[in-house]
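# Structural description and commentary
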Amino acid sequence: MNIFKNKYVSTICIFIILIIGLNSNSAFAKQYRVVIIPFKINAEKDMTFLKNGVFDMLSSRLSSGENVEIVGRQDTEKIVKTVEGILNEGKAREVGAKLEADYVLFGSLTIFGDSVSIDSKIVDVTGDRETLVSFNQTRGIGEVVPEINAFAKDINEKVFGLVMPSKELPAKQQLQMVQTNNIYAHPEKLVEDFGEFEYADKKSDLNPAFIVTRPQKSSREFWKSRNFRELINGIALGDVDRDGKIETVIITPDSVHIYRFENNQLSEIMKIDENKYKIFIGVDVADINNNGYPEIFITSLNPQRNVINSIVFEYDGKNYNRIVDSCAWYYRVAELPGCGSVLFGQKQKTGGPDTFSSEIFEMVWNNTEYVPDRKVLPSNRSNLMGFCFGDVMNDGGETVVAYDKSDYIRIINQSGRVLWTGNTHYGGSTHYYEMPSFEPGSDNRQYYPMRIIITDIDLDGKYEIIAVKNYELTGRLFKQLRKFKEAQIESLSWNGMGLTTNWKTAKISGYIRDFAIGDFDNDGEDEIVAAVISKRGSIVGTRPKSSVISYDMKKK
């Protein structure tokens, strides 16, 4: 019996030793202590946000390994100040030695125009191992993120010997992934081979390009315009010339264009304004003064982006005239049951916490201008560009649906109490207002929220929210920089506890700047119409590229 016990115990010991050996990478692997010195930024403008963002990215990527400890930033900066002279490998080792670290990572970003040079090094404090060096040049700040990610991956694998998680999938899933990436390639391929994907048995009856995420209530697919070699900043629908046909009003940063869908294409009817001293950021269409001709409301900024100077156009049977000019109000139109089109306004205020989010009013025409009537939301709740009003809870009441500053959707009652806040980023606009800066020479951008719409899109008697979701390249890590890579449109409904997704379109490459719902092609049924930006043209030598896409909807 003792012999049996001894053999049994020996077997268990051997088994334990094997287990320990197999897990030695995590249990007994060398622990690395790493100092990250915040990168030096060489640029004309203050780029503190970029400096902080790069530091946070490297910290999170490198500390993801169980055997890597990142020295605190405050401790690092305190020691760096004590080291005299230009930071080089020798000085970096001196910093590392004082902080009892194994490795020191440092570098610089040099920004000249649209070119960014990234110079990075990680040095072994003892000098026993060769320095790992990375030097890359990118076009645009948005391309910095992939380069930083790649260098962090190299460090994890080549310096720390960590095996990074494999992205490979089983053969069947690899095939599906390749097909899905084809969808993302371009709006023209938005619904290509759709039936073979993950939601093959859950296509919406409303449109087969819509992915159903819960049991649905109810076709054609989509249409895409030619490419426009300019940025589309906004889109709206309405019969602006009272000819019985719906026109599409498109704004660029400095011009207003009127199109009509004819012969399966957008034909320009008129270009009604061009203004180099305004930046157009929003457009809405509605007959608020009740004279039969819908007005075109243009929310605009001055060239410095710190003053609202909106304008309103109206057709008189011959020409489009300005009936309001240089007005300090944001404008947004919403459709309310029993009321039709309602104009909402928000006045810009100077100074104070409500500069960007003052009170929101229902607006009326007094024969000379649009003036506030009923207040629907107190100050410090929302910016009007990402606001809508209606019976979103389907209980017969009126509540506000709006984005907060982080682009989370909120439901707010008219007294200003927040009833519900989501935890997923929606919207995502590159339009911004230049707030007063706390540091000379630095930017303090406040990004506008995107349009959001409450509507009964499938005519089932229940209201839902239609919202855009633009996917940011950095995961919204940089507060002062936005670069979007993909986009989709979603339908959400209130389920008694929160908003849940009904359906969503397949993702498209680029991002959606604005969208509208209406009878875009004059076929008697509404469509969802979106302005898609494929290229911003922000790099020298490149031009913007935009397009309009339209989804048909089959209603009950």
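Procedures and definitions
Residues numbered from 1 in each chain as written. Predicted model: local features only at pLDDT ≥ 70, side-chain atom pairs only at ≥ 80, totals over all residues. Heavy atoms only, no water. Pairing = 2+ DSSP bridges. Helix = DSSP H or I, 4+ residues; strand = E, 2+ residues; numbered from the N terminus. Axes fitted to C-alpha atoms, helices over the stretch in contact; angles between N-to-C directions. Core = buried A, V, L, I, M, F, W, Y, C linked by side-chain atoms within 4.5 Å. Buried < 20%, exposed > 50% of the residue type's maximum accessible area, 1.4 Å probe, protein only. Contact = heavy atoms within 4.5 Å. 1 Å grid on protein atoms, 1.4 Å probe; cavity = no way out; pocket = protein on both sides within 12 Å on 5 of 7 lines; lining within 4 Å. Points joined across faces, edges and corners; volume = space filled by probe spheres on them. Nonpolar A, V, L, I, M, F, W, Y, C, P; charged D, E, K, R; others polar. Expected span 1.5 Å × (residues − 1). Phe/Tyr/Trp six-rings, centres within 6.5 Å; stacked < 30°, edge-to-face > 60°. Left-handed = near helix turned anticlockwise from the far one by under 90°. pLDDT = per-residue confidence, 0-100. Salt bridge = Lys/Arg side-chain N within 4 Å of Asp/Glu carboxyl O.

Pairing in this open sheet of 4 strands is antiparallel, and the strands run 8-34-33-32 from one edge to the other. Unpaired on one side and paired on the other, strand 8 (222-224) and strand 32 (511-518) mark the two borders of the sheet. For this sheet, the mean inter-axis angle between neighbouring strands, taken without regard to orientation, is 20 degrees. Pairing of strand 33 (residues 527-535) with strand 34 (residues 545-552) involves 8 bridges; the strand directions are antiparallel. Across the sheet, the residue bridging to A530 is I549, located in strand 34.

Turning next to the nonpolar core. With 56 residues, the main nonpolar core has F344, I409, Y448, I465 and I512 as its most contacted residues. Ignoring sequence-local partners within four residues, the contact set of I465 consists of V392, V401, I452, I453, I454, E490, S491, L492 and L499. Counting 32 residues, the second largest nonpolar core, distinct from the first, contains L58, A152, V159 and L481.

This part covers the sheet that holds strand 23 (residues 408-412). Across the sheet, 4 strands lie side by side as 21-22-23-24; this open sheet has antiparallel pairing. For this open sheet the edge positions go to strand 21 (387-390) and strand 24 (418-425), each flanked by a neighbour on one side alone. The sheet shows a mean angle of 15 degrees between the axes of neighbouring strands, direction not considered. By the bridge criterion, 4 bridges tie strand 23 to strand 24 in an arrangement that is antiparallel. Across the sheet, residue R410 finds its bridge partner in strand 24, namely T421.

Now for empty space enclosed by the protein. Of the voids in this model, the largest cavity is the one considered here, and its volume is about 90 Å³. What lines the largest cavity is a set of 13 residues, and nearest its centre among them are I281, R332, H431, P449 and R513. Elements that contribute at least two residues to the lining of the largest cavity include exactly strand 13 (279-286) and strand 32. Along the lines of polarity and charge, the residues of the lining of the largest cavity split into 5 nonpolar, 4 polar and 4 charged. Space inside the second largest cavity adds up to approximately 40 Å³. Taken together, F228, E230, I232, I250, T252, H257 and Y259 make up the lining of the second largest cavity.

Of note, the phi angle at N367 is positive, near 85 degrees, even though the residue is not glycine. As for its placement among the helices and strands, N367 is situated in the loop between strand 19 (360-365) and strand 20 (370-377). Looking at N367, the relative accessible area reads 67%, which means it is exposed. Even without being glycine, N522 reaches a positive phi, approximately 60 degrees. Tracing the backbone shows N522 in the loop between strand 32 and strand 33.

Let us look at helix 3 (residues 48-62). Since the α-helix turns once every 3.6 residues, residues separated by three or four places project in the same direction. Over its 15 residues, helix 3 extends 21 Å from the first C-alpha to the last, a length consistent with the 21 Å expected when each residue adds 1.5 Å. Here helix 3 has its buried residues at L50, G53, V54, F55, M57, L58, S59 and L62. Against strand 1 (32-36), strand 3 (68-70), helix 4 (73-80), strand 4 (103-112) and helix 6 (144-159) lie the buried residues of helix 3.

What follows covers the packing of aromatic side chains. In total, this model carries 20 aromatic pairs according to the counting rule given. Relative to F160, the ring of Y32 has its centre 4.9 Å away and its plane inclined at 35 degrees; by these criteria the two rings are tilted. In this pair, Y32 sits in strand 1 while F160 sits in the loop between helix 6 and helix 7 (171-184), placing the two residues 128 residues apart along the sequence. Taking the relative accessible area as the measure of exposure, Y32 reaches 14% and is therefore buried.

On to the pairing of strand 15 (residues 310-315), then. Along any regular strand the residues' side chains alternate between the sheet's two faces. Of all 6 residues making up strand 15, 6 are buried, and the element is well covered by its neighbours. Of the two faces of strand 15, the one lined by S310, V312 and E314 and the one lined by I311, F313 and Y315 are each fully buried. Here strand 14 (residues 295-301) pairs with strand 15 via 3 bridges, running antiparallel. Residue pairing across strands places I296 opposite F313, the latter belonging to strand 15. As paired elements, strand 15 and strand 16 (residues 320-327) share 5 bridges and run antiparallel to each other. Note on strand 16: the bridge partner recorded for E314 is N321. The loop that links strand 15 with its antiparallel partner strand 16 comprises 4 residues; one of these, G317, has a positive phi angle of about 105 degrees.

Summarising the element assignment, G422 is placed in strand 24. With relative accessibility at 12%, the residue G422 sits in the buried group. Sequence spacing of G422 and T500 is 78 residues, and the spatial spacing of their C-alpha atoms is 9.8 Å. Filtering out sequence-adjacent residues up to four positions away, G422 remains in contact with Y408 and I409.

It is worth spelling out the packing of helix 3 against helix 6 at this point. In contact at an axis separation of 10 Å, helix 3 and helix 6 are set at 35 degrees when each is read in the N-to-C sense. In terms of crossing hand, the pair formed by helix 3 and helix 6 is right-handed. Residues V54, M57, L58, R61 and L62 of helix 3 pack against V144, V145, I148, N149, A152, I155 and N156 of helix 6.

Chain-level statistics for the protein give a pLDDT mean of 82 and a share of 79% at 70 or above. Strand 9 (residues 234-238) holds the highest mean pLDDT among the elements of the protein, 98, whereas helix 7 holds the lowest, 33. Note that residues 166-201 has pLDDT below 50 and, in this model, 49 contacts with residues that lie over four places away or in other chains. Note on residues 215-220: pLDDT under 50 across the span, and 24 contacts to partners over four residues away in sequence or across chains.

What follows is about the pattern of salt bridges. Taken as a whole, this structure holds 21 salt bridges when the rule is applied. Linking E94 and K98 is a salt bridge whose minimum nitrogen-to-oxygen distance equals 3.9 Å. Placement of the pair is E94 and K98 together in helix 5 (residues 89-98), with a separation of 4 residues, close to one helical turn. Its relative accessible area of 34% is what places E94 among the partly exposed residues. Among the ionic pairs, D254 bridges to K276, the shortest N-O distance being 3.0 Å. In this pair, D254 sits in the loop between strand 10 (247-251) and strand 11 (255-262) while K276 sits in the loop between strand 12 (265-274) and strand 13, placing the two residues 22 residues apart along the sequence. Overlapping salt bridges bring together D241, D243, E247, R260 and E262 as one network.

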